[in-house]
Amino acid sequence: MIWDELKNALANEQPVVLATEVDGPRAGAKLLISPDETRGSLGDPDLDRVVARDARGMLESGLTGTRHYGTRGEARMREVSVFIESFAPPPRMIIFGAVDFTAALARVAKGLGYRVTVCDARSVFATPARFPMADEVVVDWPDRYLESVGQELGPRDAVCVLTHDPKCDVPAIVGALQTRAGYLGAMGSRRTHADRVQRLKEAGVTDADIDRIRAPIGVDIGARTPEETAISICAEIIALRTGRQGVPSLKNREGPIHS
């Protein structure tokens, strides 16, 4: 039954983890873990509970690996080895703003395995013909779109606001801050972002939430073209996801973006 449920989850692109005891008293025993339920057993309810907890944490980050436990799930013991295999759907990138930079970012993100959505309220610009590399092109206001999909976003997902339009970027950022997206970046100069921060504060956004925003967006590699900027943005996303320290994000630098 576990194999049938795993097959169904994969067919429907549902997140799931298969945990297999590879060394211990019940080698070969399996747990199938989804965000909401657990099937099967590794032979002890406490071990099942601890492995399910760890597996859900690994699933959220898209990680696979071997964990070691005591026979009842005790930490810092190695009586039981469990291989935890995450089957996570592709991470999502939502790009707000149907502009030239969007097409370049969508292409690079697709190459990195993201499921890319382009969203803009202007139907004349937000068309599949302009963004054939995107998985989805949505004509809607950012806040309204995020109301419908925001609860699905997690630490592996990214929201990039490229609009340069106060009518769009403030609602997009406010909506994105209410999600669990791991990356939120906004395009614009330092002066543009300073003005944006003022509008965000007027909208009730806290300093802690403002600190989540990567703006100016990207790392400081001197990017000028849409393609170079797309690489700069994706480099910042990768560095944030992997916890790489010392990466020169434009947010943490001073002076003009373009020398």
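Residues numbered from 1 in each chain as written. Predicted model: local features only at pLDDT ≥ 70, side-chain atom pairs only at ≥ 80, totals over all residues. Heavy atoms only, no water.

A. The arrangement of the nonpolar core in detail. Ranked by size, the top nonpolar core spans 25 residues in total, and within it Met93, Leu105, Val116, Cys160, Leu162, Ile233 and Ile237 carry the most contacts. Secondary-structure elements contributing two or more residues to this core are strand 6 (92–96), helix 3 (100–111), strand 7 (115–120), strand 9 (158–161) and helix 8 (226–242). No other element matches helix 3, which puts 5 residues into this core. Beyond its immediate chain neighbours, meaning those up to four positions away, Met93 contacts Leu105, Ala109, Tyr114, Arg115, Val116, Thr117, Ala158, Cys160 and Ile237. Judged by nonpolar contacts, the second largest core, of 24 residues, contains Tyr145, Leu153, Leu184 and Ile213. (Core = buried A, V, L, I, M, F, W, Y, C linked by side-chain atoms within 4.5 Å. Buried < 20%, exposed > 50% of the residue type's maximum accessible area, 1.4 Å probe, protein only. Helix = DSSP H or I, 4+ residues; strand = E, 2+ residues; numbered from the N terminus. Contact = heavy atoms within 4.5 Å.)

B. Examining helix 4 (residues 142–149) more closely. Three or more residues of helix 4 are buried, namely Pro142, Tyr145, Leu146 and Val149. Viewed along the axis of helix 4, the buried residues span an arc of 100°, placing them on a single side of the element. Of the surrounding elements, those touching the buried residues of helix 4 are strand 6, strand 7, strand 8 (136–139) and helix 5 (166–177). (Arc of directions from axis to C-beta.)

C. View of the layout of surface pockets. A volume near 640 Å³ is recorded for the largest pocket. In terms of lining, the largest pocket is formed by 22 residues, of which the most central are Pro15, Pro89, Glu152, Arg156 and Asp157. Sorting elements by how many residues they give to the lining of the largest pocket places helix 2 (residues 45–61) first, with 3 residues. Among the residues making up the lining of the largest pocket, the classes are represented as 9 nonpolar, 4 polar and 9 charged. (1 Å grid on protein atoms, 1.4 Å probe; cavity = no way out; pocket = protein on both sides within 12 Å on 5 of 7 lines; lining within 4 Å. Points joined across faces, edges and corners; volume = space filled by probe spheres on them. Nonpolar A, V, L, I, M, F, W, Y, C, P; charged D, E, K, R; others polar.)

D. Expanded view of empty space enclosed by the protein. Tallied over the entire structure, the rule returns 1 cavity of 30 Å³ or more. Roughly 30 Å³ of internal volume is contained in the largest cavity. Lining the largest cavity we find Phe96, Gly97, Cys119, Asp120, Ala121, Asp140, Pro142, Thr163 and Cys168. Among the residues forming the lining of the largest cavity, the class breakdown is 5 nonpolar, 2 polar and 2 charged.

E. Just the pairing of strand 9, in detail. Covered by surrounding structure in strand 9 are Ala158 and Cys160 together with Val159 and Val161, the residues of both alternating faces. The pairing of strand 6 with strand 9 spans 4 bridges and is classified as parallel. Note on strand 9: the bridge partner recorded for Ile94 is Val159. Across 4 bridges, strand 9 lies against strand 10 (residues 183–186) in parallel orientation. Within strand 10, the position partnered with Val159 by the bridge is Leu184. Crossover handedness for the path strand 9 to helix 5 to strand 10: right-handed. (Pairing = 2+ DSSP bridges. Right-handed = clockwise from strand over helix to strand, strands pointing away.)

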